[in-house]
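# Report on the structure
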Amino acid sequence: MSEQVDTENAGALDYDPRASSLGGQVDPAVMEELLGLRSSIDNFDATLVYLLAERFKATQRVGYLKARHRLPAGDPGRESAQIGRLRRLAEEAHLDPAFAEKFLNFIISEVIRHHQAISEEHGAERDADGGAGRIASGGDAR
């Protein structure tokens, strides 16, 4: 039914939603049901990618604001509150709260890394301008 595809070398443009290593091993009706479920998962994955992209666009703006006002990259109080909130939401949604916390911690660490890079970039711009530099988003350093 479905042929095997070399998924390691297949790019996003070459994505085959029917790719499976189970071809010929599974009843065709079961395979069709499996592929239908996987199609929904693919849609969720695409949505997650776009949502994360939008989230990171917003956190980049936060990073520039923090850099402009010389605020620290991380905010432990905010992070702790967000983790608690996400754990509660996960419990309500019947998602493993520990998984939700790990996921958010990963995102937070990436955001902080981005904020640190923005701050370093802003500091270099400030040094080059003698302290009156502008940041990449066009705001001033005051």
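Everything below is about the structure shown above.
## Topic: the overall build of the protein
- Across its full length, the protein carries three helices and zero strands.
- Shown N-terminal to C-terminal, the secondary structure of the protein runs as helices and strands in the order α-α-α.
- For the protein, buried positions account for 23% of its 142 residues.
- For the protein, contacts bridging at least 24 residues in sequence account for 49% of all contacts bridging at least 6.
- A total of about 10,100 Å² of accessible surface is found on the protein, and carbon and sulfur atoms cover 56% of it.

## Things to note about a positive patch on the surface
- Together, Arg55, Arg78, Arg85 and Arg88 give the surface a local cluster of positive charge.
- Looking at the positive patch element by element, the count peaks at three residues for helix H2 (residues 76–92).
- Here Arg78 shows up in helix H2.
- For Arg78, a relative accessible area of 51% corresponds to the exposed category.

## Things to note about a nonpolar patch on the surface
- Residues Leu95, Phe99 and Phe103 make up a contiguous nonpolar surface patch of roughly 280 Å² in combined accessible area.
- Its location among the elements puts Phe103 in helix H3 (residues 97–128).

## Focus on the pattern of salt bridges
- Taken as a whole and assessed by the stated rule, the structure comprises four salt bridges.
- Here Glu32 ties to Arg18 by a salt bridge, and the two come within 2.5 Å at their closest N and O atoms. Taken together, the residues span a long stretch of sequence, with Glu32 in helix H1 (residues 28–68) and Arg18 in the segment before H1 at a distance of 14 residues.
- Classification of Glu32 as partly exposed rests on a relative accessible area of 35%.
- Given a relative accessible area of 34%, Arg18 falls into the partly exposed group.

## Considerations on unusual backbone geometry
- You will see that Arg70, though not glycine, has its phi angle at about 55°, which is positive.
- Assignment of secondary structure puts Arg70 in the loop between H1 and H2.
- Relative accessible area serves as the criterion here: at 56%, Arg70 is assigned to the exposed category.
- Its identity as a non-glycine residue notwithstanding, His94 has a phi of 60°, on the positive side.
- Looking at His94, the relative accessible area reads 76%, which means it is exposed.

The rules behind these values
Residues numbered from 1 in each chain as written. Predicted model: local features only at pLDDT ≥ 70, side-chain atom pairs only at ≥ 80, totals over all residues. Heavy atoms only, no water. Helix = DSSP H or I, 4+ residues; strand = E, 2+ residues; numbered from the N terminus. Buried < 20%, exposed > 50% of the residue type's maximum accessible area, 1.4 Å probe, protein only. Contact = heavy atoms within 4.5 Å. Areas by Shrake-Rupley, 256 points an atom, 1.4 Å probe, with all protein chains shown as cover. Patch = residues over 30% accessible without salt bridge, like charges linked within 9 Å, V, L, I, M, F, W, Y side chains within 5 Å. Salt bridge = Lys/Arg side-chain N within 4 Å of Asp/Glu carboxyl O. Lys, Arg positive; Asp, Glu negative; His and termini not counted. Charge placed at Lys NZ, Arg CZ, Asp CG, Glu CD.

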